[in-house]
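# Examination of the molecular architecture
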Amino acid sequence: MTKSKKEKATMEEEEEAAAAAGGNEKTYQELIANVNAIAQPLASRKLSKKLYKCIKKGSEVTQTCGRKRPPGKPLGQGGPSVRFRRPLDGCEDLGVGLVCQVRLASSFTASKMKQIRRGVKEVQKFINKGEKGIVVLAGDTLPIDVYCHIPVLCEDKSIPYVYIPSKVDLGSSAGSKRPTCVLMIKQHDDYQDAYEQCLEEVSCLPTPV
């Protein structure tokens, strides 16, 4: 038996075992039977698994940015201030312009920075803003008008993209119970190796003519 036949046999055995364990869980071959006409390039079963793992790692990363409170300062000091130029109610008789400084009581100001961009509107928005990453689309999305412009946008911006068979699996890999038709994986140090491996394989896939 040649190497390719061995690999194919192993894949079939794994799929049968997964189907037996998962009950209603569909195999890769069953999933790709339902992909739409524009789902090219389509990730292999092995690459799909790598992408799902990378997405899962990306969804678990929470990066915060902000300004920490200076050391030695009690809460309420050292944070950003807000100035009110108009007198507050009941203070008009002071005869002077009232300036009120409000200090944030938190030790730092932080905002979450997503490593996974999810949904057509969000992915499109941040591609137009110049963000880079790997765009993953669900091949079983219908109607295709929902997201058929995304691959064109990716090609214009030189962003690698790939289709996977199932929007349910795509949403699940991102930690959501809802199906997802498209998302973008951003690069991050916490999963750098997995990201680069996926990027290399996706970039080598032939783009549709």
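Placed above this text is the structure.
Below is a short write-up of the structure. (Residues numbered from 1 in each chain as written. Predicted model: local features only at pLDDT ≥ 70, side-chain atom pairs only at ≥ 80, totals over all residues. Heavy atoms only, no water.)

### Topic: the packing of aromatic side chains
To describe a pair of aromatic rings, one takes the distance between the centres and the angle between the planes. Counted only if it meets this: Classification of ring pairs uses Phe, Tyr and Trp, with its six-membered ring standing for Trp, and accepts pairs whose centres are within 6.5 Å; under 30 degrees between planes counts as stacked, over 60 as edge-to-face, and the remaining range as tilted. Here a helix means four or more residues in a row that DSSP labels H or I, a strand means two or more in a row labelled E, and each is numbered from the N terminus. The buried label goes to any residue with under 20% of its type's maximum accessible area, the exposed label to any with over 50%, and the partly exposed label to all in between, with areas taken from a 1.4 Å probe on protein chains only.
Following the criterion strictly, the structure yields 2 aromatic pairs and no others. Ring geometry for tyrosine 147 against tyrosine 163: centres 6.1 Å apart, planes inclined by 90°, an arrangement best described as edge-to-face. Taken as a pair, tyrosine 147 in the loop between strand S6 (134-138) and helix H5 (149-156) and tyrosine 163 in strand S7 (residues 161-164) lie far apart in primary sequence, 16 residues in all. Since its relative accessible area comes to 1%, tyrosine 163 is described here as buried.

### Some points on the sheet that holds S7
Applied cut-off: Pairing between two strands is assigned when DSSP locates at least 2 bridges connecting them. What counts as an axis is a line fitted to C-alpha atoms, over the stretch in contact for a helix, and the angles between N-to-C directions run from 0 to 180 degrees. What makes two residues a contact is simply this: any of their non-hydrogen atoms within 4.5 Å.
The strand order across the open sheet built from 4 strands is S5-S8-S6-S7, with neighbouring strands paired in mixed fashion. Strands at the two margins of the open sheet, each flanked by one partner only, are strand S5 (116-118) and S7. The sheet shows a mean angle of 20° between the axes of neighbouring strands, taken without regard to direction. Across 3 bridges, S5 lies against strand S8 (residues 182-185) in antiparallel orientation. Directly across from isoleucine 116, in S8, lies its bridge partner isoleucine 185. Across the sheet, helix H7 (residues 192-203) is in contact with S6, S7 and S8; its angle to S6 comes to roughly 70°.

### Comments concerning H5
We count it as follows: As used here, the arc is the angular range of directions from the helix axis to the C-beta atoms.
Buried residues of H5: Ile150, Pro151, Leu153 and Cys154, and no others. Take H5 and look down its axis: the buried residues cluster within an arc of 160°, on one side only. Packed against the buried residues of H5 are helix H4 (120-128), S6, S7 and S8. Once H5 finishes, serine 158 follows within two positions and takes phi at roughly 55°, a positive value.

### Thoughts on the environment of isoleucine 55
Residue placement: isoleucine 55 occurs in helix H3 (residues 45-60). A sequence separation of 120 residues divides isoleucine 55 from glycine 175, and the C-alpha atoms of the two residues are 9.0 Å apart. Among all residues touching isoleucine 55, those that are not within four sequence positions of it are Ile116, Val136, Leu170, Ser173, Ala174, Leu183 and Ile185.

### A closer look at H7
Basically, it comes down to this: Here, expected helix span is obtained from the residue count minus one, scaled by 1.5 Å.
For H7, with 12 residues, the first-to-last C-alpha span of 16 Å sits near the 16 Å given by 1.5 Å per residue. For H7, every residue scored as buried is listed here: Gln192, Tyr195, Cys198 and Val202. In an axial view of H7, the angular spread of the buried residues amounts to 135°, which keeps them on one side of the axis. Exposed and facing more than 90 degrees away from the buried side of H7 are Asp193 and Glu200. Taken together, the buried residues of H7 touch H3, S6, S7 and S8.

### Quick look at the pattern of salt bridges
Rules: The term salt bridge refers to a pairing of a side-chain nitrogen on Lys or Arg with a carboxyl oxygen on Asp or Glu at a separation within 4 Å.
In total, this model carries 5 salt bridges according to the counting rule given. Measuring nitrogen to oxygen at the nearest pair gives 2.5 Å for the salt bridge that ties lysine 50 to glutamate 201. Residue lysine 50 is found in helix H3, and its partner glutamate 201 is found in helix H7; the two are separated by 151 residues along the sequence. In this structure glutamate 201 comes out as partly exposed when scored by relative accessible area, which is 28%. Taken together, the shared-partner salt bridges connect Lys114, Arg117, Glu122, Glu131 and Lys186 into one network.

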